[in-house]
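# Residue-level structure breakdown
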Amino acid sequence: MARRDVNKSFDGGAAATMLATPASRESHAIAIAQLVTLNAFDGIDIDYERVPTASRANFTAFIATLAQKLHAANKKLSVTVYAKTSDSANWNGPGAEDYPALGGLADSIKIMAYDYSYSTSAPGPIAPLDWLDRVASYAESTIPRHKILIGLPLYGYDWTGTTGRGVQDATSYARKVEMLKQKHPAIGGFAHWALGQEDPAVWSVIKTGGVPTPATPPPAPITKRRASGH
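What counts and how
Residues numbered from 1 in each chain as written. Predicted model: local features only at pLDDT ≥ 70, side-chain atom pairs only at ≥ 80, totals over all residues. Heavy atoms only, no water. Helix = DSSP H or I, 4+ residues; strand = E, 2+ residues; numbered from the N terminus. Buried < 20%, exposed > 50% of the residue type's maximum accessible area, 1.4 Å probe, protein only. Contact = heavy atoms within 4.5 Å. Core = buried A, V, L, I, M, F, W, Y, C linked by side-chain atoms within 4.5 Å. Axes fitted to C-alpha atoms, helices over the stretch in contact; angles between N-to-C directions. Left-handed = near helix turned anticlockwise from the far one by under 90°. Nonpolar A, V, L, I, M, F, W, Y, C, P; charged D, E, K, R; others polar. Expected span 1.5 Å × (residues − 1).

### Section: the overall build of the protein chain
Looking only at helices and strands, the protein chain features seven helices and 10 strands. Counting all 230 residues of the protein chain, 43% fall into the buried class. Within the protein chain, residue pairs in contact and separated by at least 24 positions form 75% of the contacts whose partners lie at least 6 positions apart.

This is how it looks when you write it as structure tokens:
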């Protein structure tokens with residue numbers, strides 16, 4: 001995954017500078033294509049976050065340039081995007097991502113369908129089912145369905161005051177998968193954030209596609225009573 005970040009934090013300004021001219025876009029695309037080819041990668045995922053909305057056309061142009069170079073080398077390109085339910089989400093980040101254009105260029109689109117509520121927000125759901133349904137519906141209306149990968153959270157939050165601590169929940173994960181399989185069966189599949197944060201029971205859900213069965217509680221101890229005679 002190619003993540004455009006600086007000092008472990010996404011820097012939309014740095015991305016905007018790279019995207020600003022045809023020459024800088026071409027240079028960056030060449031560097032990425034060489035990275036993929038020299039390492040014999042199957043392809044690469046582009047995850048550039050907080051890109052300014054004003055750079056929307058430039059970001060699309062960069063993806064077009066990179067897609068051409070990778071496809072010429074028989075390599076794959078995926079693009080990670082913010083979740084949105086319409087194109088009216090026009091703030092920096094989602095506003096820079098033209099779903100129809102990117103969906104026509106890339107081989108797959110990974111949608112970050114999580115952090116509806118986040119570690120420093122008010123307590124709330126990370127990926128509520130109704131929102132997740134609307135995210136998938138909008139994606140299907142703008143991107144070829146087989147290219148859509150819905151990114152699901154492998155984590156949860158337990159808030160204390162205004163700070164959320166990471167926790168795990170396989171049952172919640174399974175409900176999301178279940179809903180998407182029922183209502184959006186034509187999507188290409190799922191992506192996840194992030195390995196190492198998951199409830200181990202998630203793997204049984206991935207393997208079987210079912211909701212995990214709660215552990216059977218141990219039987220209650222049997223208390224023997226001494227018979228008494230009168």
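### Description of the nonpolar core
Counting 49 residues, the largest nonpolar core has Phe62, Leu77, Val79, Ile111 and Ile150 as its most contacted members. Beyond its immediate stretch of four places on either side in the chain, Ile150 contacts Ile111, Ala113, Leu132, Ala136, Leu180, Ile187, Gly189, Phe190 and Ala191. Judged by nonpolar contacts, the second largest core, of seven residues, contains Met112, Tyr114, Ile126 and Trp159.

### Observations concerning the packing of helix α2 (residues 22–38) against helix α3 (residues 56–72)
α3 packs onto α2 with a crossing angle of 40 degrees between their chain directions and a minimal axis gap of 9 Å. Relative to α3, the crossing made by α2 is right-handed. Listed contacts from α3 to Arg25, Glu26, His28, Ala29, Ile30, Ile32, Ala33 and Val36 of α2 are Asn58, Ala61, Phe62, Thr65, Leu66, Lys69 and Leu70. Residues of the contact of α2 with α3, tallied by class, amount to nine nonpolar, three polar and three charged.

### Considerations on α3
Here α3 spans 24 Å end to end across 17 residues, near enough to the 24 Å set by a 1.5 Å rise per residue. Taken residue by residue, α3 has Phe59, Thr60, Phe62, Ile63, Leu66, Ala67, Lys69 and Leu70 as its buried positions. Buried residues along α3 sit in contact with α1 (12–19), α2, β4 (43–47), β5 (76–82) and α4 (99–105).

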